[in-house]
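Descriptive structure summary
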Amino acid sequence: TECVSGCVCPKGLFDDGRGGCVEQKDCPCIHNNEWYSSGEKIKVDCNTCTCQKGVWKCTDDMCYGTCMIYGSGHYNTFDGKFYDFDGSCEYVATQDFCGDKNSSGSFSIITENVPCGTTGVTCSKAIKMFLGVMKALSNKSATPLPAVLEVIPDTKKFSEMTVGLYLVIEASNGVMLIWDKKTTVFIKLSPDYKGKVCGLCGNFDDKANNDFTTRSGLQESNPLNFGNSWKQSPMCPDVTHEIKPCDLKPHRKSWAEKECSIIQSEVFKICHSKVNPLPFYEACVHDACSCDSGGDCECFCSAVAAYAQECIKAEACVFWRTPDICPIFCDYYN
């Protein structure tokens, strides 16, 4: 709508929204409040969009969906719904055993959440991946952060590799699990699973407003009721209230806000118009307040890295690690 012929430009030319008049073939396009000239290309998920005469023309490829579970109970579903859930139990992260109890499926991914810190927030301690057989990423130590990989397969239905900081497990059925060996897990699904999955990661149907579908198929608005429905054992207690660690540990709040302000700072400016920083900032403050029994820097770094990862997906490459902030050995100087 910015490119409309009118009283501000000579006949045959169009207002380009930037104070100039151009021919229709040179009309720019807008995306996330940024202008792009005619012929420029951007990536949206796995598709490429080209600006043509003021309108985006996009390829129509089916894209892999990604669900992110990180830090102290933060979830970003396949359809982009961001919420918090602090339950201490095993929960279905995602599976294609949905609806009819007699239906069959090809995979199930379970997250085991345990308390981390003294405020009652929970972190993922183990991830189990069932592909007819079971593959478990688990932690045998007393700390609540995943540390040990345990492999229990009978058949070679998947491949395993290390990519940078991450362990990547790719199954032959279009399911991929990416783990940073600490507190962050990404689950990627091929487009074949669109609308066919359920669990804490939502239903992958490109609509975020129906992601809170309970195990019994009901639509929920409350993330606690939704999360409780996906616990594996009825013996686990239900979560009845949202935990606010900064209210419980007010002496940590100002430190947490100061550290996490990097997400809203100039460092990430290139990303702000592409990925909303606010939920990631709030999650960072939540985690930095809650990690009060060791590992506070680990929690902070995981929270910032989660935002950086979303920025990379949106093609905003940010160099935020330094020798003083969440360094990776050799990364800064290499």
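It should be noted that the structure appears before, not after, this text.
Residues numbered from 1 in each chain as written. Predicted model: local features only at pLDDT ≥ 70, side-chain atom pairs only at ≥ 80, totals over all residues. Heavy atoms only, no water.

Moving on: the packing of aromatic side chains. For the structure shown, the criterion picks out 14 aromatic pairs. Each ring, one from Tyr83 and one from Phe226, has its centre 5.8 Å from the other, and the planes form 70 degrees; the classification is edge-to-face. Taken together, the positions of Tyr83 in strand β10 (residues 82-84) and Phe226 in helix α1 (residues 223-229) put the pair 143 residues apart, joining distant regions of the chain. Look at Tyr83 and you get buried, because its relative accessible area is 6%. On the numbers, 5.2 Å between centres and 50 degrees between planes, the contact of Phe268 with Tyr307 is tilted. Taken as a pair, Phe268 in the loop between α3 (250-260) and α4 (269-272) and Tyr307 in helix α6 (residues 296-313) lie far apart in primary sequence, 39 residues in all. Here Phe268 matches Tyr307 in class, with each residue buried. (Phe/Tyr/Trp six-rings, centres within 6.5 Å; stacked < 30°, edge-to-face > 60°. Helix = DSSP H or I, 4+ residues; strand = E, 2+ residues; numbered from the N terminus. Buried < 20%, exposed > 50% of the residue type's maximum accessible area, 1.4 Å probe, protein only.)

Let us now look at the sheet that holds strand β5 (residues 41-44). In any sheet, the strands associate via hydrogen bonds between backbone groups, in a parallel or an antiparallel arrangement. Taken in spatial order, the three strands of this open sheet run β5-β6-β7, and their pairing is antiparallel. Both edges of this open sheet fall to β5 and β7 (55-58), since each of them pairs with a single strand only. For this sheet, the mean inter-axis angle between neighbouring strands, taken without regard to orientation, is 35 degrees. (Pairing = 2+ DSSP bridges. Axes fitted to C-alpha atoms, helices over the stretch in contact; angles between N-to-C directions.)

Our focus in this paragraph is the pattern of salt bridges. Where charged atoms of side chains with opposite charge meet at close range, the side chains can pair. This model, assessed by the stated rule, comprises eight salt bridges. Note that Lys207 is salt-bridged to Asp205, the shortest N-O span being 3.7 Å. Owing to a relative accessible area of 22%, Asp205 belongs among the partly exposed residues under this scheme. Between Glu259 and Lys258 there is a salt bridge, and its shortest N-O distance comes to 3.9 Å. You can call Glu259 partly exposed: its relative accessible area is 25%. The exposed category is assigned to Lys258, whose relative accessible area is 59%. (Salt bridge = Lys/Arg side-chain N within 4 Å of Asp/Glu carboxyl O.)

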